[in-house]
Amino acid sequence: MESVSDQTPAEMAETAALVVGLAGLLDAGAVASETAIRLADSGEVVGEIDADEAFSFSSMRPEVIDSEGVIAEPRWPRIGFRRVALPRAELLILTGAEPSLQWRKLSERIVDTAVGSGSVRAVVVGATAAWVSHTQPPPIQVRTTDPSFIVDSTVVSEIEAASFSDVIEAGLRQRGVPTVAFTAQLPFYVEGVYWPGVATLLRVLSGHLRTWLPRAGVEEAAARMLARLDRAVKIHPEMVELVERLENKAEPYGQPAGDEDINQLLADLGETTNPFR
């Protein structure tokens, strides 16, 4: 398939908004990438970046399936555009994995493609692990070029180490494209795809874009996951206390969390594996 650099503006349908959701630094619980996948599921592939340009395969290895001693064709990491037409909105969605190579060159190419396709605004989705509870909707951090996008239930985020999505966002802003980034804060003690976060981001995007977005199966998966987490919490007194502190927004509520927090929690629970997967 031709790369994005080979696409011309005429070959890319005019679109109202670019949506960026990549697996990588800002994809805790696979929430950002899964949100983009759900949006792009019915879309048409309109451009891909050559994997050899974008990825170091020693750090992001292809996947192979070993079935009955036979190795299948490798599945290479991908990053590319899908176009989706929805009621009252047409989206150009960038999905796949955060590149490990040539960030400056590739981000400029993506920005050129978005501007050339007629995108009049851009939305970046992300997710981070934080000291928040699964019993409450994930807090959404907002960063935007337009303060009117900020609503009462959000806080303005601060950036430390940049993700590839951040670099794209900065490039779009320099080209005069209005941007907004929604980052969901997820309970640090949960592993695997955090479906409540995906459901929340889809609802936020639906409101922001003022259009219906496909959520088939997501709300149901979120409800099942929350019920399972509630059952797991009840059998661990230490976890009940932690959840109550988080519900009451006691310190360090809302602060970033990492592997050391998981390890300390498991030590407190006397566990060797995370019971909240």
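In this text, all values refer to a predicted model and were calculated from it rather than measured experimentally.

> Mind laying out unusual backbone geometry, listing which residues take part and the relevant values?
Phi at Ala30 takes a positive value of approximately 55°, unusual for a residue other than glycine. On the secondary structure map, Ala30 appears in the loop between β1 (17–20) and α1 (31–40). A relative accessible area of 23% places Ala30 in the partly exposed class.

> Any chance you could break down the environment of Val142 for me, citing the residues and the numbers?
Note on placement: Val142 falls in strand β8 (residues 140–144). Along the primary structure Val142 and Ala184 are separated by 42 residues, whereas in three dimensions their C-alpha atoms are 9.0 Å apart.

> Help me get a handle on the pairing of β1, residues and values and all.
Each regular strand displays side chains that alternate between the two surfaces of the sheet. Here β1 shows a buried face lined by Ala17 and Val19 and a second buried face lined by Leu18 and Val20. Examined bridge by bridge, β1 and strand β6 (residues 89–96) share 4 bridges and lie parallel to one another. Bridging from a neighbouring strand, Leu18 pairs with Leu92 of β6. Two strands pair when backbone bridges link them, and β1 and strand β7 (residues 121–130) are joined in this way by 4 bridges, in the parallel orientation. Counted as the bridge partner of Val20 is Val124 from β7.

> Can you lay out the packing of aromatic side chains for me, pointing to particular residues and giving the numbers?
Within this structure, the stated rule accounts for 4 aromatic pairs. Pairing Trp131 with Phe188 gives two aromatic rings, centres 4.4 Å apart and planes at 45°, and the pair type is tilted. Of this pair, Trp131 sits in the loop between β7 and β8 while Phe188 sits in the loop between β10 (179–187) and α5 (195–209), and the two are 57 residues apart along the sequence.

> Talk me through helix α7 (residues 237–247); I want residue IDs and the actual numbers.
All buried positions along α7 are accounted for by Met239, Leu242, Val243 and Leu246. One side of α7 holds all its buried residues, which, seen down the axis, span an arc of 100°. Of the exposed residues in α7, the ones pointing more than 90 degrees away from its buried face are Pro237 and Glu241. Phi turns positive, to about 60°, at Lys249, one or two residues after α7.

> Go over the environment of Val218 with me, naming the residues and quoting the values.
Turning to its location among the elements, Val218 is positioned in helix α6 (residues 218–234). Assessed through its relative accessible area of 0%, Val218 is described here as buried. The sequence separation of Val218 and Pro196 amounts to 22 residues, and the corresponding C-alpha distance is 8.0 Å. In contact with Val218, not counting residues within four places along its chain, are Arg38, Trp195, Val198, Ala199 and Leu202.

> Account for the packing of α5 against α6, naming residues and giving values.
In the contact formed by α5 and α6, the axes pass within 7 Å of each other and the chain directions differ by 140°. In terms of their interaxial angle, α5 and α6 are classed as oblique. Every pair of crossing elements has a handedness; the one defined by α5 and α6 is left-handed. Touching Trp195, Pro196, Val198, Ala199, Leu202 and Arg203 of α5 are Val218, Glu219, Ala221, Ala222, Met225 and Leu226, all from α6.

> How would you sum up the side chain of Arg143? Please name residues and give values.
Mapped onto the fold, Arg143 is located in strand β8. Given a relative accessible area of 17%, Arg143 falls into the buried group. A distance of 2.4 Å separates the side chain of Arg143 from the side chain of Glu169, its partner in a polar contact.

> Any chance you could break down the pattern of salt bridges for me, citing the residues and the numbers?
For the structure on display, the rule yields 12 salt bridges. The partner of Glu219 in a salt bridge is Arg215, with the nearest N and O atoms 3.2 Å apart. Salt bridges sharing partners connect three or more residues here, namely Arg143, Asp166, Glu169 and Arg173.

> Tell me about the environment of Val177, and name the residues and values.
Secondary-structure assignment places Val177 in the loop between α4 (164–174) and β10. The class of Val177 is buried, set by a relative accessible area of 9%. Separated by 55 residues in the primary sequence, Val177 and Ala122 place their C-alpha atoms 6.9 Å from one another. Non-local contacts of Val177, meaning those with residues more than four positions away in its chain, are made with Val115, Ser119, Val120, Arg121, Ala122 and Leu172.

> Tell me about a negative patch on the surface, residues and numbers included.
A contiguous patch of negative charge on the surface is contributed by Glu238, Glu241, Glu244, Glu247 and Asp268. Note that Glu241 resides in helix α7.

> I'd like a description of the pairing of β7, backed by residues and values.
Burial of β7 is extensive: 7 of the 10 residues sit out of reach of the surface. Relative to β10, β7 runs parallel, the two sharing 9 bridges. Bridging from a neighbouring strand, Val123 pairs with Val180 of β10.

Definitions and limits used
Residues numbered from 1 in each chain as written. Predicted model: local features only at pLDDT ≥ 70, side-chain atom pairs only at ≥ 80, totals over all residues. Heavy atoms only, no water. Helix = DSSP H or I, 4+ residues; strand = E, 2+ residues; numbered from the N terminus. Buried < 20%, exposed > 50% of the residue type's maximum accessible area, 1.4 Å probe, protein only. Pairing = 2+ DSSP bridges. Phe/Tyr/Trp six-rings, centres within 6.5 Å; stacked < 30°, edge-to-face > 60°. Arc of directions from axis to C-beta. Contact = heavy atoms within 4.5 Å. Axes fitted to C-alpha atoms, helices over the stretch in contact; angles between N-to-C directions. Parallel < 35°, antiparallel > 145°, perpendicular 65-115°, else oblique. Left-handed = near helix turned anticlockwise from the far one by under 90°. Polar contact = N/O pair within 3.5 Å; in protein donor to acceptor, adjacent residues only side chain to side chain. Salt bridge = Lys/Arg side-chain N within 4 Å of Asp/Glu carboxyl O. Patch = residues over 30% accessible without salt bridge, like charges linked within 9 Å, V, L, I, M, F, W, Y side chains within 5 Å. Areas by Shrake-Rupley, 256 points an atom, 1.4 Å probe, with all protein chains shown as cover. Lys, Arg positive; Asp, Glu negative; His and termini not counted. Charge placed at Lys NZ, Arg CZ, Asp CG, Glu CD.

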